[in-house]
Amino acid sequence: MKLMNRLERKFGKYGIPNLTLYVIIGYVIGYILQLINPSVLNMLSLNVTAILHGQVWRLITWVISPPGSSNVLFFIIAILFFYYPIGTSLERTWGTFRYTLYIFSGILFTVIGAFFLHFISGGVLDSFGRYIFSTYYISLSIFLAYALCYPDMQVLLYFVIPIKMKWMAYVYLALVAYDIISYIRSGVWFMAVPIIASLLNFLIFFLTTRDMNRYNPKEIKRKQQFKKAVSQGQATGTAGRGNVTKHKCAICGRTELDDPNLEFRFCSRCNGNYEYCQDHLFTHIHVK
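Source: prediction; values computed, not measured.

J.: Just give me the short version of helix 2 (residues 19–36), but keep the residues and values in it.
T.: End to end, helix 2 covers 26 Å across 18 residues, agreeing with the expected 26 Å (1.5 Å per residue, within 8%). By the burial criterion, the buried members of helix 2 are L19, T20, V23, I24, G26, Y27, G30 and Y31. Take helix 2 and look down its axis: the buried residues cluster within an arc of 155°, on one side only. Of the exposed residues in helix 2, the ones pointing more than 90 degrees away from its buried face are Y22, L35 and I36.

J.: Summarise the nonpolar core; cite the residues concerned and give the values.
T.: Side chains that are nonpolar tend, in soluble globular proteins, to be buried together. Counting residues in hydrophobic clusters, the biggest one holds 52 residues, and the most contacted among them are L90, W94, Y102, I142 and F143. Looking at this core, the elements with two or more residues in it are helix 2, helix 4 (48–52), helix 6 (72–94), helix 7 (96–121), helix 9 (136–149), helix 10 (165–185) and helix 11 (192–209). At ten residues, helix 9 tops the list of elements feeding residues into this core. When neighbours within four sequence positions are excluded, Y102 is seen to be in contact with W94, S141, I142, A145, N201, F202 and F205.

J.: Please provide a residue-by-residue account of the side chain of E263, values included.
T.: Summarising the element assignment, E263 is placed in the loop between helix 12 (217–235) and strand 3 (264–266). A polar side-chain atom of E263 sits 3.1 Å from a polar atom in the side chain of R265. With near-sequence residues (within four places) excluded, E263 lies in contact with Y150, D152, M153, Y276, C277 and Q278.

J.: An account of the packing of aromatic side chains is requested, with residue identities and associated values reported.
T.: This model, assessed by the stated rule, comprises four aromatic pairs. Ring centres of F115 and F119 lie 6.5 Å apart, and the angle between their planes is 35°; on these two criteria the pair is classed as tilted. With F115 and F119 both in helix 7 and four residues apart, the pair spans about one turn of that helix. Taking 5.2 Å as the distance between ring centres and 70° as the angle between the ring planes, the aromatic pair formed by F143 and Y172 counts as edge-to-face.

Criteria and cut-off values
Residues numbered from 1 in each chain as written. Predicted model: local features only at pLDDT ≥ 70, side-chain atom pairs only at ≥ 80, totals over all residues. Heavy atoms only, no water. Helix = DSSP H or I, 4+ residues; strand = E, 2+ residues; numbered from the N terminus. Expected span 1.5 Å × (residues − 1). Buried < 20%, exposed > 50% of the residue type's maximum accessible area, 1.4 Å probe, protein only. Arc of directions from axis to C-beta. Core = buried A, V, L, I, M, F, W, Y, C linked by side-chain atoms within 4.5 Å. Contact = heavy atoms within 4.5 Å. Polar contact = N/O pair within 3.5 Å; in protein donor to acceptor, adjacent residues only side chain to side chain. Phe/Tyr/Trp six-rings, centres within 6.5 Å; stacked < 30°, edge-to-face > 60°.

This is the structure:
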């Protein structure tokens, strides 16, 4: 966390506001090219041999290949109702710089994975770069990051089935693990490389920035005592105080009555019982 804070203080101005929108625009361009002339995407794919021969644009142009289905309706639904809301919410929660770093680190690790396969295989697999390397798992890393930040957020699966984000994340992680094991056992281990490379940003980002102090017994006891005090305060309230709230952001003052979809978390780095909404949890100044 200290390293991330130093990076943000030094390079924070280079964060790209509303990055999710630009990523989606790239997907739209790639989807149109896929419908009009799929061979064009082969000229933009992550082919290391071509890159080493001067086609350096491939280092970034491969990201416009849409990670979704060829079905246009599914593509629109995935973008408008899932990918864009999650991406913009993460940017508000983390801040522009951290979200930008997260996305670009996923791209960087995928490129490193492509070069690794190139030198291991002698370039034999480079011509299949478009099919091996895609942005699907980078998009999945965004979903996993959101699920980790808001595990109890409930969504409607297929617009019908209510399910919490954490359960969806567990299912996706199980499927990813199954894919990796299946590729390795079937002898096509190289197919596991882009999966691992694309999700490294998720693993590294949270292993190095998650505050493990929340698992400290003293911290757990402090939160339990605070919740107990809040519950007792509500139990002794009069009937006329029906608007007593359980959560309140220490920055903006919003409660669960202002928006039932708001998520609230305690900050273990602040001295005292300070609670913040999802928009200020990672951006507030810690109380010392």
